[in-house]
Amino acid sequence: MAAVYKFKPYNVGRWVIWSLFALVLVASPLVFTNNLSVTMLAQMGIAIIACLSYNMLLGQGGMLSFGHAVYTGLGSYMAIHALNAVSAGQLNIPVSLLPIVGGLTGMGFAILLGWVTTRKSGTTFAMITLGVAELVFAMSLMFSEFFGGEAGVSGNRVAGQPFFGITYGPQIQVYYLIAAYTFVCVALMYAFTQTPLGRILNAVRDNPERVEFIGYNTQRVRYMAFIISGFFAGIAGGLAALNFEIVTAEVVGAARSGAYLLFTFLGGATFFFGPIIGAILMIIAFVLLSELTKAWLLYLGLVFLFMVMYAPGGIASLIMMNLRVAMFGKLRQIWASYLGLGVTAIVMLAGAGAMIEMVYHLQLNSALGDTVKFMGATLNTKSLDSWFGSAFVMLTGLGLFELARRQFARDWSEIQTDIEKEIKRRETAL
Amino acid sequence: MSYALELQDVRKNFGKTEIIRGVNLAVNAGERVAVIGPNGAGKSTLFNLISGRFGPTSGEILLNGQAIQNKTPYEINRMGLSRSFQITNIFPKLSVFENLRCAVLWSLGYKYSFFKFLSGLKDANERTDELLDMIHLDKKRDVLAVNLTYAEQRALEIGVTIAGGSDVILLDEPTAGMSKSETSRFIQLIKDVTVGKTLLTVEHDMGVVFGLADKIAVVVYGEVIAFDTPEAVRANAKVQEAYLGSPVADSQVGGH
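Just so you know, these numbers come straight off a predicted model, no measurement behind them. (Residues numbered from 1 in each chain as written. Chains lettered and ligands numbered in written order. Predicted model: local features only at pLDDT ≥ 70, side-chain atom pairs only at ≥ 80, totals over all residues.)

Draft legend 1. Spotlight on the interface of chain A and chain B. The interface of chain A with chain B comprises 24 residues on the first partner and 31 residues on the second. Secondary structure elements with two or more residues in the side of chain A that touches chain B: helix H9 (196-206), helix H10 (208-212) and helix H11 (218-244) of chain A. The element best represented in the side of chain A that touches chain B is H9 of chain A, accounting for eight residues. In terms of residue class, the side of chain A that touches chain B is made up of 11 nonpolar, seven polar and six charged. (Contact = placed C-beta atoms within 7 Å. Helix = DSSP H or I, 4+ residues; strand = E, 2+ residues; numbered from the N terminus. Nonpolar A, V, L, I, M, F, W, Y, C, P; charged D, E, K, R; others polar.)

Have a look at this one:
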């Protein structure tokens, strides 16, 4: 009886989603054809694998790692060394399989280092990963034969026998290699969430103590997840080595680890697809935002701050919450509030942005004159008008934004109560 | 023929304080034992020792004749002992179904498998659905555990405890915080789901204790001062003096 109501056309939806994902991977470089786009798309694929592998720890296992770059980075190094060995004719494996070398390296180091880190959970785990990351980074500066010192290790991906005419000379060929790996890795990582170990990992995240009393060794669960995560991280690293053809010590650095954490969180650690969004944003921020303004890290920090405070579930949770509202046909009731929020936020950000840009200009570029261009307007850093104007715009925006936010909060909670009622009604009707 | 659960001179110190002071207890397979005693007597500590949450300072604990006092909780669980907690201890962000399925997995031999899909584990899914019916949460199948009512969470706690099919079940104050009517329904649930199993339960409500238990173990100040049938315990002079004789307990027993 109950089974009839539970019927969902599960598999159809799943096929559609995965086909769409494959289609996007295949079609993206045909839509965005210029060089920069293809470069960015390739980096996005790599970042997607890296962030998803990170989320296996953070979102699914509750393990806050500060050292994920160790596994991507060492994967990169081993892959580039393997590539050079292939170039020199010492090693005979197809270039297409070099990311697997990276993956096995990541896995190997996860087996080694994870043995220590996953003994503990929570804060202790976080601290140990930080320590391990610092250790590896320090070693990267000590062993310059392997890590290449300041210059790093470079290679040439046009090596070995061409495979059906694929040489990996042109960027587009590398893109499709990355796309193929991305698809397979994402599918495998999703599949992992649907296995006994994947589910027990969620249980360990939620309540490690209880897991011990249903027959599972939580250390073992964390350790295994860590190893699997390390494997996928290493694949991302190996792909990065092929993509850039150079690996420098920063790939194992704290900044890189921090970026994985930050963008996985931004994208949304509580949903499987969240880190995919995060990874795409990461590349957009690193490549485009950093071109646009010198203050990009500051903006990034602000966005992160706001997300942690107001939407700790990341962008994915925002999407899912609004999907829920839409499914109950209530999106109409709130779009005006959204519009209000958006417009006032833009006003506020314009004011704040103008001031930030002026400060940066004064600090870094004052030799280039007193004026700075910002969103089509010319601001003079030495004129009080510009400062007062910006401050005025920002404060007005802030005030209006707060009003809009309150209105939004009212509308939102009203809608949520309505939805709860509707759910109750449907439940009793069943 | 060994006992389902046997404690031999079990002692536990926290620092210099002796909390459990030489407990001896032998429970036959299939017996229902209620552990009673005043607050702070060491009932929960006793459960923690048996289930491996921490090891005893000295003494032996035998599960079906095998020593378990130095084993970890998961090892003890795999040997057929499962426990619930006084404060609800489930997986808040997993659905009711997932909570139960997680608790089923090990006993069906899936261990740390990551080459099989959960949806394909027919036996695990059937067993989980069976459990859902047993604890009357079949209508809440896909609700996150955190969104259940208190009584439902307590039922899920029992469900997670019995899911692995352990022979020896320890329930730590299963009815704590429930109303009278909820309690009586809940006791029936506990009876139903533990048929044929060895049951130890900490319980404060004397009405419940005398209705549920084949035997009662009275713990006072870290010692079992009596372990006998309900009638014999009620008549026991030492128990009356130490525990049942107190005005509070009197009213509880009187109410029965």
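Draft legend 2. Region of the structure containing the domain arrangement of chain A. All names here are of chain A. When its domains are assigned, chain A resolves into domain 1 (2-302) and domain 2 (328-429). For domain 1 versus domain 2, the distance between C-alpha centres works out to 33 Å. Taken together, the contact between domain 1 and domain 2 spans four residues of the former and four residues of the latter. Looking at the side of domain 1 that touches domain 2, its residues break down into two nonpolar, one polar and one charged. (Domains from an automatic or database assignment.)

Draft legend 3. Expanded view of the environment of leucine 94 of chain B. Tracing the chain through its elements places leucine 94 of chain B in the loop between strand E6 (81-83) and helix H3 (96-105). For leucine 94 of chain B and valine 143 of chain B, which are 49 residues apart along the polypeptide, the C-alpha to C-alpha distance reads 8.2 Å. Excluding residues that lie within four positions of it along the chain, leucine 94 of chain B makes contacts with Asn202, Ala203 and Asp206 of chain A together with Asn99, Cys102 and Ala145 of chain B.

Draft legend 4. Here's a closer look at the sheet that holds strand E1 (residues 5-14) of chain B. All names here are of chain B. Taken in spatial order, the four strands make up an open sheet running E2-E1-E4-E5, and their pairing is antiparallel. Edge positions in the sheet fall to strand E2 (17-27) and strand E5 (66-67), since each of these pairs with one other strand and no more. Where E1 and strand E4 (residues 58-63) come together, five bridges link them in antiparallel fashion. Its bridge partner being in E4, leucine 5 is matched across the sheet by leucine 63. Relative to E2, helix H1 (residues 43-50) is tilted by about 65 degrees, and along the sheet it contacts E1, E2 and E4. (Pairing = 2+ DSSP bridges. Axes fitted to C-alpha atoms, helices over the stretch in contact; angles between N-to-C directions.)

Draft legend 5. Representation of the packing of H9 of chain A against H3 of chain B in the model. At their nearest, the axes of H9 of chain A and H3 of chain B sit 10 Å apart, and the two run at 115 degrees to each other. Our pair here, H9 of chain A against H3 of chain B, has a crossing hand that is left-handed. Contacts from Pro196, Arg199, Ile200 and Ala203 of chain A of H9 of chain A reach H3 of chain B at Glu98, Cys102 and Leu105 of chain B. Considered class by class, the residues forming the contact of H9 of chain A with H3 of chain B number five nonpolar, no polar and two charged. (Left-handed = near helix turned anticlockwise from the far one by under 90°.)

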